[in-house]
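Analysis of the macromolecular model
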Amino acid sequence: MYFWAEKIVLISLLAFLSFISLRKIQSKKLNWSMFYSSLYIITFLPIANHLCEELNYWTFCSKSILKMPLNIYFIWVVVWSVLPIYLLKGKYLFITTLSFFMIDLGLMPILENQNLFVLNDNWIIGEFLMLLLIFIPSYYWAYLSYYNQKHDIRALFQVIVIACIFLIILPILMKSYQWINYVNFNWSFYQIQLFLIIVFPALVAVNNLVNIGKGTPFPYDPTIRLVRSGVYAYCKNPIQLSFSLQFIVLSFYHSSLFFMIGFLFSIAYSYGVSDYQEYPNMEQRFGEKWLLYKKSTPKWFFQWRPKLIPEAKIYFDYDCSQCNELKEWFKKRKPVNLSILDAKDFKKKNLTQVTYVDEFGEFHSSIYAISNALNHTNLAYASIGWFIQFPIVSHLLQIIVDALGLFKINTIHIDN
């Protein structure tokens, strides 16, 4: 009975996927929402299932490389990602989650009777974990994508998924094909440092694309602004550079030259696919600004000084001794395309004691102003500024600065 029920479900899901793939009227935002949800579940479902087995909530009888039958894996992905997103467009999260939980409560004992797996004590806790770690995040990501909300959270999902694919899933797959001898996730402190140094520019770039460009690195979430400041003032494509170099680190860590295939593939993809598709699109969207930026900014290395960083202004309160010291420090570094001005000369609105105004007319205060201004000096100081701008770091530093009374947030009152 179970055999035929499983075949009917598989055929039905394949028919459903064929229907949504071949339908005449396609919705790009719906398709990308289903893609994001599926990508998350495809990546994290084996990890979460492995966690549940390690915690002794259940054990699958039939094993595969994913520690679960591949047909069950396929059904799980489609039913938890594609189907609800297509029908509900990411809405009704609570009701949908509760419905899946109730369905699973009824199905799990039935499937156990079919010798699919063995349920152990507290298996219901495993159900809660699967919903919490798998379904809810994937469904939420799809919802944010469909309704174009919270670029920062969508970018965070992208970073987490890509990191798990390359640090966890890829080594496990390579071990299963005996391309590496063992999988070891006990990275030493120095190995972690080296890896973070390599991925640091990519993380900064993601932060820049979100906060400056108002988009994400993925194709469906393109930036609405051309990002030429931050890390992009020093390198044209820091994400691809970090992405390529990480294969070298993985090759040394796992003692396998097979990872170098990924390095070569990444370079080939950049020239053969990415540039071919991205450059015409960027030229169409941003015109001469993009062409000049492309010509003057390197792609595979970082320049020492930001030759084409957009013009910006930083205002200091000249009556503040600390601000005056900072002003003189910046002047000695001869910043590129940065005007250093007295806050009292600004006639349009009130300013904080240190205020940075970027090319888009947006205002940044206190440590955010200083970190942005560092981008106009050189690569070493800019790197410090990039680190400061990370969300948690910037928040903690701002608390410290406020507690010490430095660069106070109180405004300088200027008559309009």
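Just above sits the structure.
Residues numbered from 1 in each chain as written. Predicted model: local features only at pLDDT ≥ 70, side-chain atom pairs only at ≥ 80, totals over all residues. Heavy atoms only, no water.

1. Description of the overall build of the chain
- For the chain, the helix and strand inventory stands at 14 helices and six strands.
- Once the C-alpha set of the chain is aligned to its principal axes, its extents read approximately 85 × 50 × 50 Å.
- Here the chain holds 416 residues, and the buried ones make up 47% of them.
- For the chain, the share of sequence-separated contacts (at least 6 apart) that also reach a separation of at least 24 residues comes to 71%.
- Per element, the accessible surface of the chain, about 22,000 Å² overall, is 66% carbon and sulfur.
- The chain carries 34 positive and 25 negative side-chain charges, and their two centres are separated by 7 Å. (Helix = DSSP H or I, 4+ residues; strand = E, 2+ residues; numbered from the N terminus. Buried < 20%, exposed > 50% of the residue type's maximum accessible area, 1.4 Å probe, protein only. Contact = heavy atoms within 4.5 Å. Areas by Shrake-Rupley, 256 points an atom, 1.4 Å probe, with all protein chains shown as cover. Lys, Arg positive; Asp, Glu negative; His and termini not counted. Charge placed at Lys NZ, Arg CZ, Asp CG, Glu CD.)

2. Focus: the sheet that holds strand β3 (residues 312-316)
- Taking strand neighbours across the sheet as the criterion, the four strands line up as β4-β3-β5-β6 in an open arrangement whose pairing is mixed. With one partner strand each, in any of the chains shown, β4 (338-342) and β6 (363-365) form the two edges of the open sheet. In this sheet, adjacent strand axes meet at a mean angle of 25° when their direction is disregarded.
- Across four bridges, β3 lies against strand β5 (residues 354-357) in antiparallel orientation. Paired with Tyr315 across the two strands is Thr355, which belongs to β5.
- Most of the contacts of helix α11 (residues 321-332) go to β3, to which it runs at about 145°, and overall it touches β3, β4 and β5. (Pairing = 2+ DSSP bridges. Axes fitted to C-alpha atoms, helices over the stretch in contact; angles between N-to-C directions.)

3. A look at the side chain of Ser266
- Position of Ser266 among the secondary structure elements: in helix α9 (residues 259-286).
- Since its relative accessible area comes to 6%, Ser266 is described here as buried.
- Ignoring any residue separated from it by four or fewer positions in sequence, one finds Ser266 in contact with Gln240, Phe243, Ser244 and Phe247.

4. A short note on the environment of Gly385
- As for its placement among the helices and strands, Gly385 is situated in helix α13 (residues 379-388).
- Owing to a relative accessible area of 0%, Gly385 belongs among the buried residues under this scheme.
- For the pair formed by Gly385 and Ala233, sequence separation is 152 residues and the distance between their alpha carbons is 13 Å.

5. Quick notes on the side chain of Ser242
- Following the sequence through the fold, Ser242 ends up in helix α8 (residues 238-253).
- On the accessibility criterion, Ser242 (3% relative accessible area) is buried.

6. Details of the nonpolar core
- Within the largest apolar cluster, 48 residues are counted, with the highest numbers of intra-cluster contacts made by Leu45, Trp58, Phe60, Trp76, Trp80 and Met130.
- Elements that contribute at least two residues to this core include exactly α1 (2-22), α2 (28-54), β1 (58-60), α3 (70-88), α4 (93-113), β2 (117-119), α5 (123-146) and α6 (151-176).
- Among residues more than four places away in sequence, those in contact with Phe60 are Asn49, Glu53, Lys67, Met68, Pro69, Ile72, Trp76, Leu116 and Phe117.
- Counting 22 residues, the second largest nonpolar core, distinct from the first, contains Leu209, Val227, Trp290 and Ile309. (Core = buried A, V, L, I, M, F, W, Y, C linked by side-chain atoms within 4.5 Å.)

7. With respect to the packing of α3 against α5
- Interhelical geometry of α3 versus α5 gives an angle of 35° and a closest axis separation of 10 Å. Of the two possible hands of crossing, α3 and α5 adopt the one that is right-handed. In contact with Trp76, Trp80, Pro84, Ile85 and Leu88 of α3, α5 contributes Met130, Leu131, Ile134, Phe135, Tyr139 and Ala142.
- Here the contact of α3 with α5 is composed, by residue class, of eleven nonpolar, no polar and no charged. (Left-handed = near helix turned anticlockwise from the far one by under 90°. Nonpolar A, V, L, I, M, F, W, Y, C, P; charged D, E, K, R; others polar.)

8. Topic: a nonpolar patch on the surface
- Together, Ile65, Leu70, Leu173, Tyr177, Trp179, Phe258 and Ile261 give the surface a local cluster of nonpolar side chains, amounting to about 710 Å² of exposed area.
- Note that Trp179 resides in the loop between α6 and α7 (189-211).
- Accessibility expressed as a relative area gives 44% for Trp179, which makes it partly exposed. (Patch = residues over 30% accessible without salt bridge, like charges linked within 9 Å, V, L, I, M, F, W, Y side chains within 5 Å. Salt bridge = Lys/Arg side-chain N within 4 Å of Asp/Glu carboxyl O.)

9. Quick look at the pairing of β4
- Only one face of β4 is buried, namely the one carrying Leu338, Ile340 and Asp342, since none of Ser339 and Leu341 on the opposite face is buried.
- For β3 and β4, the ladder comprises five bridges, and the chain directions are parallel. Its bridge partner being in β4, Ile314 is matched across the sheet by Ile340.

10. Structural notes on unusual backbone geometry
- Despite not being glycine, Asn115 shows a phi value in the positive range, around 60°.
- Inspection of the secondary structure puts Asn115 in the loop between α4 and β2.
- Despite not being glycine, Ser255 shows a phi value in the positive range, around 55°.
- Secondary-structure assignment places Ser255 in the loop between α8 and α9.
- You can call Ser255 exposed: its relative accessible area is 60%.

11. Digging into the pattern of salt bridges
- Tallied over the entire structure, the rule returns five salt bridges.
- Among the salt bridges present, the one from Arg228 reaches Glu359, with a minimum N-O distance of 2.9 Å. With Arg228 in the loop between α7 and α8 and Glu359 in the loop between β5 and β6, the pair connects residues that are 131 residues apart, well separated along the chain.
- Residue class for Arg228 comes out buried when judged on its relative accessible area of 12%.

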